[in-house]
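Summary of the model geometry
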Amino acid sequence: KGYQISQFDQPLATHGTLSFLSSERGIVNATIVRLHIEEDAGKSIHDRFAKASAVDLNRSGVPLIEIVGGPDLRSPAEARAYLQMLKQLLEYIGISDCDMEKGSLRVDANLSIRRAGETVLNTRTEVKNIHAFSFVEKALSVERDRQIALVESGGTVTQQTMLYDSKENTVRPQRSKEESHDYRYFPEPDLPPLILTPEFVAEQQSELPELPGAKRDRFVAAYALSREHATVQTASGVLADYFENVVRAPAEPQAAANWIMTEALADAKEHQEQLRVPATTLAQIIALVKGGTLSNQAAKKVFAEVAAKGGDPRTIAEALGLVQVADTNVLAGWVTDVLGAHATEVARYKNGETKLMPFFVGQVMRASKGKADPKLAQRVLEEKLASSSPS
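The paragraphs below set out a description of the structure included in this document. Model, not experiment: these values are computed from the prediction.

1. Description of the pattern of salt bridges
A complete count under the given rule lists 20 salt bridges for this structure. For Asp-108, the salt bridge goes to Lys-128, with nearest N and O atoms at 2.9 Å. Of this pair, Asp-108 sits in strand β6 (residues 107–111) while Lys-128 sits in strand β7 (residues 125–130); the two residues are 20 residues apart in sequence, bridging distant segments of the chain. Each member of the salt-bridge network shares a partner with another, and the members are Glu-210, Lys-215, Arg-218, Glu-244 and Arg-248.

Right, dumping it as structure tokens:
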């Protein structure tokens, strides 16, 4: 039809805030100036053809939400942190996968500078063609540095649209930036009024899931996790549900968090973000470690085997010969051999060098090929070393 429909003077929502954690300023409450609905228009593609831009019209007319933020961000790093928090929120409520590479979330970033102590911002520019969260920070850093160099050399910033080139990590002008009156807005006569009743709004609010911030605070209170650990566990709704399912299986919360932050997330990163070990199975592995059946290192091997092939953790541990030996008679044999082979260290220990205990435990673990229960091995060592002779 040759024009784009957009909510202009009656946006869907105004005067909102989004809180995020800034590494520079702590908790920042960023303003949401307005949120409105409009049609997607032609998409300019600047990296398909050399020295030319293409126009993709495949999504023309598809509805989208535009969120306009206020000038509350103070650095490229804060812009990235703000967007990551917004992405997490949108994913939690299930309205978008927020995949920038697929175009389901897009970012146009406005940037202006001012000297420290001044209150008035300089002329702003808009940076487009940003296709990843990491590029948001890079693109804004490049444009900030360009503006500062321009002003420091006596020049002035021109209001224009800049294109970011991720391959070269540079920005270049695309066109001068229009003011709102240049868009020539006029009412669309074929659209009826959109009326959202208080009852409708209340109904939508009641259907919202627990949001990331509230879930993080609950994890801190209910499971005694640190704020940092709770932040990791609530990074996505899927991960938060996985953590709680492991705890309910049951498993001790901190142990569950530790395993998820290390083994589970490392495995997921290598396999398309899939959590391949079921929550109940991870709880079983944690229980085998707590009960002394598996060492931490052995449990990691079992985890990797379960992730790759599935199966029962204990059965796999037995098949791989990883079950810890907790028989004191068997351990005593290994301990006797170790003490007999290290008479010099035994003498030093008995003369007060108790810091040698980890050495003896390590030697027992080596002699047992990792099968000895290290805690029980230390107890047997202490008993043997307290006697008059090492044998």
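2. A closer look at helix α8 (residues 279–290)
An α-helical turn contains 3.6 residues, so a residue and the one three or four places further along point in the same direction. A rise of 1.5 Å per residue sets the reference length of α8, with its 12 residues, at 16 Å; its end C-alpha atoms lie 17 Å apart and thus fit the reference within 8%. Ala-279, Thr-281, Leu-282, Ala-283, Ile-285, Ile-286 and Leu-288 are the residues of α8 that are buried. Contact partners of the buried residues in α8: α6 (237–248), α7 (253–270), α9 (296–309) and α10 (313–319). Phi turns positive one or two residues past the end of α8, at Gly-292, with a value near 85°.

3. Some thoughts on the side chain of Thr-125
Looking at the secondary structure, you find Thr-125 in strand β7. Judged by its relative accessible area of 1%, Thr-125 falls in the buried class. Reaching out from Thr-125, the side chain makes a polar contact with the side chain of Glu-143 at a distance of 2.7 Å. Within the local environment of Thr-125, its side chain forms a polar contact with the side chain of Gln-147, the two groups lying 2.9 Å apart.

4. Points about the sheet that holds strand β2 (residues 26–39)
Two modes of strand pairing occur in sheets, parallel and antiparallel, and in both the strands are linked by backbone hydrogen bonds. Ordered by their spatial adjacency, three strands build an open sheet running β1-β2-β5, and the pairing between neighbours is antiparallel. The sheet is open, and its two edges are formed by β1 (13–22) and β5 (63–69), each paired on a single side. Averaged over all pairs of adjacent strands, the angle between their axes in this sheet comes to 40°, without regard to strand direction. The pairing of β1 with β2 spans nine bridges and is classified as antiparallel. Counted as the bridge partner of Thr-14 is Arg-34 from β2. Across the sheet, helix α1 (residues 76–92) lies against β1, β2 and β5, angled at about 115° from β1, the strand it touches most.

5. Description of the packing of aromatic side chains
Summed over the entire model, instances satisfying the criterion amount to 10 aromatic pairs. With a centroid separation of 6.1 Å and an interplanar angle of 75°, the aromatic rings of Phe-20 and Tyr-82 are classed as edge-to-face. You can see Phe-20 sitting in strand β1 and its partner Tyr-82 sitting in helix α1, a full 62 residues away along the chain. Here Phe-20 matches Tyr-82 in class, with each residue buried. Three or more aromatic residues joined by ring pairs form one cluster here, namely Phe-219, Tyr-223 and Phe-243.

Parameters at a glance
Residues numbered from 1 in each chain as written. Predicted model: local features only at pLDDT ≥ 70, side-chain atom pairs only at ≥ 80, totals over all residues. Heavy atoms only, no water. Salt bridge = Lys/Arg side-chain N within 4 Å of Asp/Glu carboxyl O. Helix = DSSP H or I, 4+ residues; strand = E, 2+ residues; numbered from the N terminus. Expected span 1.5 Å × (residues − 1). Buried < 20%, exposed > 50% of the residue type's maximum accessible area, 1.4 Å probe, protein only. Contact = heavy atoms within 4.5 Å. Polar contact = N/O pair within 3.5 Å; in protein donor to acceptor, adjacent residues only side chain to side chain. Pairing = 2+ DSSP bridges. Axes fitted to C-alpha atoms, helices over the stretch in contact; angles between N-to-C directions. Phe/Tyr/Trp six-rings, centres within 6.5 Å; stacked < 30°, edge-to-face > 60°.

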